[in-house]
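Here are the chains, one letter per residue:
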Protein chains: 4
Amino acid sequence: MKRIDNFKAIIDKYNVIFFDAFGVLKNYQGLVPGIERTFEYLAQQKKEYYIVTNDASRSPVQLASSYHKMGLHAITPDRIISSGMLTKEYLYLKVPDGMVAYLGTEGSAHYIESLGLHPIPINEVNESNMDKIKALLFLDDEGFDWKDGLNKAINLMRKRTIPAIVANTDHAYPVTIHDLSVAVGGLAMMVENIVGKKFIRFGKPDSQMFMFAYDLIRDHRPISKKEIVMVGDTLQTDILGGNKFGLDTVLVLSGNTLPKDVDTRVTASGIVPTYICDSAVVQPEMF
Amino acid sequence: MKRIDNFKAIIDKYNVIFFDAFGVLKNYQGLVPGIERTFEYLAQQKKEYYIVTNDASRSPVQLASSYHKMGLHAITPDRIISSGMLTKEYLYLKVPDGMVAYLGTEGSAHYIESLGLHPIPINEVNESNMDKIKALLFLDDEGFDWKDGLNKAINLMRKRTIPAIVANTDHAYPVTIHDLSVAVGGLAMMVENIVGKKFIRFGKPDSQMFMFAYDLIRDHRPISKKEIVMVGDTLQTDILGGNKFGLDTVLVLSGNTLPKDVDTRVTASGIVPTYICDSAVVQPEMF
Amino acid sequence: MKRIDNFKAIIDKYNVIFFDAFGVLKNYQGLVPGIERTFEYLAQQKKEYYIVTNDASRSPVQLASSYHKMGLHAITPDRIISSGMLTKEYLYLKVPDGMVAYLGTEGSAHYIESLGLHPIPINEVNESNMDKIKALLFLDDEGFDWKDGLNKAINLMRKRTIPAIVANTDHAYPVTIHDLSVAVGGLAMMVENIVGKKFIRFGKPDSQMFMFAYDLIRDHRPISKKEIVMVGDTLQTDILGGNKFGLDTVLVLSGNTLPKDVDTRVTASGIVPTYICDSAVVQPEMF
Amino acid sequence: MKRIDNFKAIIDKYNVIFFDAFGVLKNYQGLVPGIERTFEYLAQQKKEYYIVTNDASRSPVQLASSYHKMGLHAITPDRIISSGMLTKEYLYLKVPDGMVAYLGTEGSAHYIESLGLHPIPINEVNESNMDKIKALLFLDDEGFDWKDGLNKAINLMRKRTIPAIVANTDHAYPVTIHDLSVAVGGLAMMVENIVGKKFIRFGKPDSQMFMFAYDLIRDHRPISKKEIVMVGDTLQTDILGGNKFGLDTVLVLSGNTLPKDVDTRVTASGIVPTYICDSAVVQPEMF
């Protein structure tokens, strides 16, 4: 575990950079100040990069567009690997047709619709359509009535032997500097616990997220895991997942892990990043 | 583990009977048919009995009154031991004054008010009153907006070092013959998991429920645990709790545990009742 | 949560003191220096006291004798409430006769033998006696071969539908200032997890431990929980259990919880003692 | 979920077959009778196959050799994907040099030695070498003294901030038709729970096992996941893992899952195989 002062030194050591999104590139106030310089430097140095995110609430096109609105144009949809994309691959391989119930916004239903499947919002599940549902998806904590929706999810999973897919492994996420909100992964954990069945989870720290990005690179050139570094703000997802997949890892202190807590948390969790750096921002004087 | 055909034989063996409520005396359709005969026989035989219930949504007076409305007049408030009463005892001993936030109906706030404490519905917690709150109570799944309420519960418990009390250990409860609903214990489990702090739980199978009833008896006469039997429909709460407290136990098949599943469930869980009986109903010909 | 400089002030406020043993009265080096003064002061002030301990490895007589050897004569067997005593009460009420298998030393088998039951060390369980065994007890991590014993415990619990009792809820215990050892509660947790059945646990933080001590007092005089204080070194057992039972609690910093960690641990766990005090030692100048 | 009478029909539908080892190809008595015909048919049909196993106790060469001794010569080391190989890849990528402590037999240390790292049996860890250890590996339940070894593993992981790798996710494994033995994954779970740090686990149902096999195929030809089927006897590892990776799956009833239990277990777990088949044996008349 080495302290690195300037993120430029990280970029110089690796050929491919994987970034977590929230807490690394952006936070509840918008872009992390100066992060656009990092992407200028990446372009200048012709380094490859991907955003690896547990965000299944929107499609890659919508996610990229949200960066463009904030002024970061370097992030195009093909650079974004979301847990929603793994969910979509699962549906493509394992659910050939029919209705798929989901918890989430209309936007999150994109992953279902684009495969020609028929999305049913959880609040619209009822006695008459229940028998036609082929899978249940947990996509987002927004877009449905929790009480009715969670009770419907429980009874659907008790009555039918169908797969339940959780497209976001996070249990909570920050909404302001002080406040958290329950994420759909937290709601799914409660439903799974009550129903007693095994749900399928996609998202960091699971290796399948990293493999998806790794495969995108291998499609156009040979690559060793030693050439890739994962950059994230959360020990339990970004760093644990990156380490397990065999990547070097950088913990940045611009999000979930505060500078004052970093040593205690690394020791307590036993999750050790290769490097610790204040942020993923390349300092201006460094070009 | 012995099969008993008529519940009368159980009553004849013990001096005190503890009954679970839901699935034993009543279900979603009303009283278990014939259960009034059980209470006639108990009165005739001068046997003592108590209802030991994980229901903190209403006061003992309200709970008793709901039996009276269904036509069972034998159940008076002094016969009811609820997890709400343990919560009230905890507040009496450990929270001398101030505001107590709660998730539940206005009715459930009775346990707070009757002690002279000031109940605050979870949806009314805000920046201005948060610092005055002395405890958080999970009383009922009804009476509040889930999304706002659960997020407020999480942020309250993250910001303040105050006790959180869960007055119902059940994670779900039946609302019709086919459907479950998440109980407040299920919601509390999710909040506790996200917050990472230790909540205090009152309710079966915890021994404190049984002690409370046991103490009520000892207040007026000497009693041995060998004279008491616990009657319930759920292995994980009624039977496990009764066994651990040292009581003989009867599993009845009129609620959560169906006749076709009973052998598998006992073997799988390792929770063994002393007796198994179809229901807690005394057959008419038996008087 | 108040800081108290001298433990004498605690004694002066309450009529009955419950003490945890390890980390409060003694540690791996012997008695906590000066602790005998606390018992002199208790005697002088005619205060009642009990040792409430998750130690089922020896009988109360043997436990008391170990204090006498260290020079503390105030602790007599009738002052000691151990999780082994709850296990014994359980056997007395629920296992009328036959063989009881156990993991532990010969000394720990005392709790079985004294009831006229037949103790079988786990390493002696075999095909020919397995069918006669009525219960399995986890008493101590010493006194048996772990590999053979744990595998036998697993297969016994898979084949037979009998109760398994864990007489020590601790998962590990300190053996030197630097080193831990797995406690029998840690071994039992692994066995329970593999077998998938529900084991019965006795020991703090469970209320039954506190009720046992509380009942001993009530046998000879009326008492309110407000007159009792629980003194311990561990938030998760002594303080959580004491709080839940409705007692005031004192966290002492002479054992598991170090002075430098106390604030972080209280905040992280949400378990709040009424008082914090360096140790349970009454300072000499205070008499 | 379809019942298939003859395993030949499965082979005919797919281009690549992944087999679990224990309960599918062999059991405690040796080879599953007739399994050699399956491999004759696979050879005749020029189908590709791999053994995907949570066995890190021996190297692929040793594992293949054990099949040869039983008379199955079709299984060569290059066909075997073990969780030990993932562990080795992790060490190669993340632990460049130094000492690696391990729980397991001398044979299991092969994965460490072949990388030029220095293996230290857990029972030989002591104060003088502890500071040089770079990682702790859980490889096998055989080959070390449990009591001393598990206590050393706990204290090593408490004192040092190093990764702990669990090369077998199983908690127990069958040793005879009636008996289980604790697997090293069960021991690791206890150590992890006591230490409170996050260990890295390799083995089914984790996707990394399936990716490793998938990559071996892709090294020499293009392949779609739709051409691959996973065959296993355990819902929680083989079937859950295969499903999550997007493969079709076959549950065979020659091992962990008995014909009488299969419907209950599928419904209870919610883990649904694409097919159910008595065994992976191709019937003789079928050629």
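The rules we used
Residues numbered from 1 in each chain as written. Chains lettered and ligands numbered in written order. Predicted model: local features only at pLDDT ≥ 70, side-chain atom pairs only at ≥ 80, totals over all residues. Heavy atoms only, no water. Helix = DSSP H or I, 4+ residues; strand = E, 2+ residues; numbered from the N terminus. Rg over C-alpha atoms; globule rule 2.2 N^0.38 Å. Buried < 20%, exposed > 50% of the residue type's maximum accessible area, 1.4 Å probe, protein only. Contact = heavy atoms within 4.5 Å. Areas by Shrake-Rupley, 256 points an atom, 1.4 Å probe, with all protein chains shown as cover. Lys, Arg positive; Asp, Glu negative; His and termini not counted. Charge placed at Lys NZ, Arg CZ, Asp CG, Glu CD. Phe/Tyr/Trp six-rings, centres within 6.5 Å; stacked < 30°, edge-to-face > 60°. Lys NZ or Arg CZ within 6 Å of the ring centre and 35° of its normal. Least-squares fit on C-alpha atoms with pLDDT ≥ 70 in both. Buried area = accessible area lost by both parts, 1.4 Å probe. Salt bridge = Lys/Arg side-chain N within 4 Å of Asp/Glu carboxyl O. Pairing = 2+ DSSP bridges. Axes fitted to C-alpha atoms, helices over the stretch in contact; angles between N-to-C directions. Polar contact = N/O pair within 3.5 Å; in protein donor to acceptor, adjacent residues only side chain to side chain. pLDDT = per-residue confidence, 0-100. Parallel < 35°, antiparallel > 145°, perpendicular 65-115°, else oblique. Left-handed = near helix turned anticlockwise from the far one by under 90°. Nonpolar A, V, L, I, M, F, W, Y, C, P; charged D, E, K, R; others polar. Expected span 1.5 Å × (residues − 1). Core = buried A, V, L, I, M, F, W, Y, C linked by side-chain atoms within 4.5 Å.

**Student:** Which residues make up the overall build of chain A, and what are the values?
**Tutor:** Counting secondary structure elements, chain A contains 10 helices and 16 strands. The C-alpha atoms of chain A give a radius of gyration of 19 Å, which matches the 19 Å a tight globule of 287 residues would have. Principal-axis analysis of the C-alpha atoms gives chain A an extent of 65 × 40 × 35 Å. Buried residues in chain A amount to 62% of all 287 residues. A separation threshold of at least 6 residues defines the contact pool for chain A, and within that pool the share at least 24 residues apart is 70%. Accessible area of chain A: about 10500 Å², with a carbon and sulfur share of 51%. Averaging the locations of the 31 positively and 34 negatively charged side chains of chain A gives two centres separated by 5 Å.

**Student:** Residue-level account of the packing of aromatic side chains, with values.
**Tutor:** All told, the structure shown has 36 aromatic pairs over all chains when counted by the stated rule. Ring centres 5.5 Å apart and planes at 85 degrees place the aromatic pair Tyr214(C) and Phe245(C) in the edge-to-face group. Of this pair, Tyr214(C) sits in helix α8 (residues 207–218) while Phe245(C) sits in helix α9 (residues 235–245), placing them 31 residues apart in sequence. The exposure class of Tyr214(C) is buried, given its relative accessible area of 8%. The structure contains a cluster of three or more aromatic residues connected by ring pairs, namely Phe7(A), Phe19(A), Phe39(A) and Tyr49(A). In this structure, Lys225(A) is placed above the aromatic ring of Tyr214(A), and the distance from its NZ or CZ to the ring centre is 5.6 Å.

**Student:** Which residues make up the relation of the copies chain D and chain A, and what values do they have?
**Tutor:** Each copy superposes on the other: chain D lies on chain A with an RMSD of 0.0 Å after a rotation of 180 degrees and an axial shift of 0.0 Å. A rotation of that kind, with that shift, is consistent with a two-fold axis. Relative to the rotation axis, the C-alpha of Ser207(D) is the closest in chain D, positioned 3.3 Å from it. Comparing contact sets, 100% of the residues at the interface of chain D also lie at the interface in chain A, consistent with an isologous, same-surface contact.

**Student:** I'd love a proper account of the interface of chain D and chain A, names of residues and values included.
**Tutor:** In this complex, chain D contributes 36 residues to the contact, which on the side of chain A involves 36 residues. Roughly 3000 Å² is buried in total at the junction of chain D and chain A, and carbon and sulfur atoms are behind 54% of that figure. Among the residues of chain D in contact with chain A, Leu93(D), Lys94(D) and Lys244(D) are the three that bury the most area, contributing 20% of the side total. In this structure, the connection of chain D to chain A is made through six salt bridges. The residue Lys225(A) makes a salt bridge to Glu89(D) at a minimum N-O spacing of 3.4 Å.

**Student:** Give a detailed account of the sheet that holds strand β15 (residues 248–252) of chain D, specifying residues and quantitative values.
**Tutor:** Residue and element names in this part refer to chain D. With parallel pairing, the seven strands of this open sheet are ordered in space as β1-β16-β15-β14-β2-β5-β6. In this open sheet, the two edge strands, each paired with only one partner strand, are β1 (2–4) and β6 (80–82). Direction aside, neighbouring strands of the sheet carry axes that sit 25 degrees apart on average. Bridge count for strand β2 (residues 16–19) against strand β5 (residues 48–53) is four bridges, and the pairing is parallel. Directly across from Phe18, in β5, lies its bridge partner Tyr50.

**Student:** Which residues make up the pattern of salt bridges, and what are the values?
**Tutor:** Taken as a whole, this structure holds 68 salt bridges over all chains when the rule is applied. A cluster of three or more residues bridged by salt bridges with shared partners is formed by Asp215(A), Arg218(A), Asp215(D) and Arg218(D).

**Student:** Lay out unusual backbone geometry with the relevant residues and their values.
**Tutor:** The phi torsion of most residues other than glycine is negative, and most of the peptide bonds are trans. Residue and element names in this part refer to chain C. That bond from Lys204 to Pro205 is cis: its omega, 10 degrees, falls within 30 degrees of zero. Positionally, Pro205 belongs in the loop between β13 (200–201) and α8. Of note, Lys46 is a non-glycine position whose phi angle comes to about 55 degrees, a positive value. Here Lys46 shows up in the loop between α2 (35–44) and β5 (48–53).

**Student:** So what's going on with the interface of chain C and chain B? Which residues, and what values?
**Tutor:** Every contact between the two is made by 36 residues of chain C and, on the other side, 36 residues of chain B. Looking at the side of chain C facing chain B, the largest losses of area belong to Leu93(C), Lys94(C) and Lys244(C), adding up to 21% of the total buried there. Seen at the junction of chain C and chain B, the total is six salt bridges. Arg218(C) is the salt-bridge partner of Asp215(B), the closest N and O atoms lying 2.9 Å from each other. Here chain C is connected to chain B by 20 residue pairs in polar contact (both at pLDDT 80 or more).

**Student:** Mind laying out the sheet that holds strand β9 (residues 133–138) of chain B, listing which residues take part and the relevant values?
**Tutor:** Residues and elements named next belong to chain B. If you trace the five strands from one edge of the open sheet to the other, you get β8-β7-β9-β10-β13, paired in parallel fashion. Looking at the sheet topology across the chains shown, the edges are occupied by β8 (118–121) and β13 (200–201). Two elements, strand β10 (residues 164–166) and β13, share two bridges in a ladder whose sense is parallel. Of the residues in β13, the one forming a bridge with Val166 is Arg201.

**Student:** With reference to specific residues and values, describe the confidence of the model for chain A.
**Tutor:** For chain A, per-residue confidence averages 95 on the pLDDT scale, and residues scoring 70 or more make up 99% of the total. Interface predicted TM-score (ipTM) for the complex: 0.94; the corresponding pTM is 0.96.

**Student:** Hey, could you go over the packing of helix α6 (residues 146–159) of chain C against helix α7 (residues 184–195) of chain C for me, with residue numbers and the actual values?
**Tutor:** Residue and element names in this part refer to chain C. For the pair α6 and α7, interaxial distance at closest approach is 10 Å and the crossing angle is 40 degrees. Put simply, α6 runs oblique to α7. Crossing of α6 over α7 shows right-handed handedness. Residues Trp146, Leu150, Ala153, Ile154, Met157 and Arg158 of α6 form the contact with α7, whose own contacting residues are Leu187, Met190, Val191, Ile194 and Val195. Considered class by class, the residues forming the contact of α6 with α7 number 10 nonpolar, no polar and one charged.

**Student:** Could you give me a rundown of the packing of α7(C) against helix α7 (residues 184–195) of chain D, with the residues and numbers involved?
**Tutor:** Where α7(C) meets α7(D), the axes come as close as 10 Å, and the angle between the chain directions of the two elements is 135 degrees. Between α7(C) and α7(D), the angle falls in the class oblique. Along this stretch, α7(C) crosses α7(D), giving a crossing that reads as right-handed. Where α7(C) approaches α7(D), its residues Gly186(C), Leu187(C), Met189(C), Met190(C) and Asn193(C) are matched on the opposing element by Gly186(D), Leu187(D), Met189(D), Met190(D) and Asn193(D). Taken together, the residues of the contact of α7(C) with α7(D) sort by class into six nonpolar, four polar and no charged.

**Student:** Tell me about helix α6 (residues 146–159) of chain A, and please be specific about residues and values.
**Tutor:** Residue and element names in this part refer to chain A. Here α6 spans 20 Å end to end across 14 residues, near enough to the 20 Å set by a 1.5 Å rise per residue. The complete set of buried residues in α6 reads Trp146, Gly149, Leu150, Asn151, Ala153, Ile154, Asn155, Leu156 and Met157. One side-chain oxygen of the residue at the start of α6 lies 3.5 Å from the amide nitrogen of Lys147, identifying that residue as Asp145.

**Student:** Which residues make up the nonpolar core, and what are the values?
**Tutor:** Membership of the largest hydrophobic core comes to 87 residues, with the highest contact counts inside it found for Phe18(A), Leu91(A), Leu137(A), Phe18(D), Leu91(D) and Leu137(D). No other element matches helix α8 (residues 207–218) of chain A, which puts seven residues into this core. Core analysis: the second largest hydrophobic core is formed by 84 residues, Ala167(B), Ile239(B), Ile223(C) and Leu247(C) among them.

**Student:** Hey, could you go over the arrangement of the chains for me, with residue numbers and the actual values?
**Tutor:** In this view chain A stays clear of chain C, with the nearest C-alpha atoms of the two still 11 Å from each other. Here chain B and chain D are not in contact; the least distance found between their C-alpha atoms is 10 Å.

**Student:** Residues and numbers for the side chain of Glu192(B), please.
**Tutor:** Turning to its location among the elements, Glu192(B) is positioned in helix α7 (residues 184–195). In this structure Glu192(B) touches Lys197(B), Lys198(B), Phe199(B) and Arg201(B), once residues within four positions along its chain are discounted.

**Student:** Give a detailed account of the relation of the copies chain C and chain B, specifying residues and quantitative values.
**Tutor:** Superposing chain C onto chain B takes a rotation of 180 degrees combined with a translation of 0.0 Å along the rotation axis, leaving an RMSD of 0.0 Å. The overlap is high: 100% of the interface residues of chain C also sit at the interface in chain B, so the same surface is used on both sides.

**Student:** Residue-level account of the environment of Asn123(D), with values.
**Tutor:** Residue and element names in this part refer to chain D. Inspection of the secondary structure assignment puts Asn123 in the loop between β8 (118–121) and β9 (133–138). A relative accessible area of 24% places Asn123 in the partly exposed class. Residue contacts for Asn123: discarding those within four places in its chain leaves Phe144, Asp145, Asp148, Gly149 and Lys152. For Asn123, the side chain forms a polar contact with the side chain of Asp148, separated by 2.7 Å.

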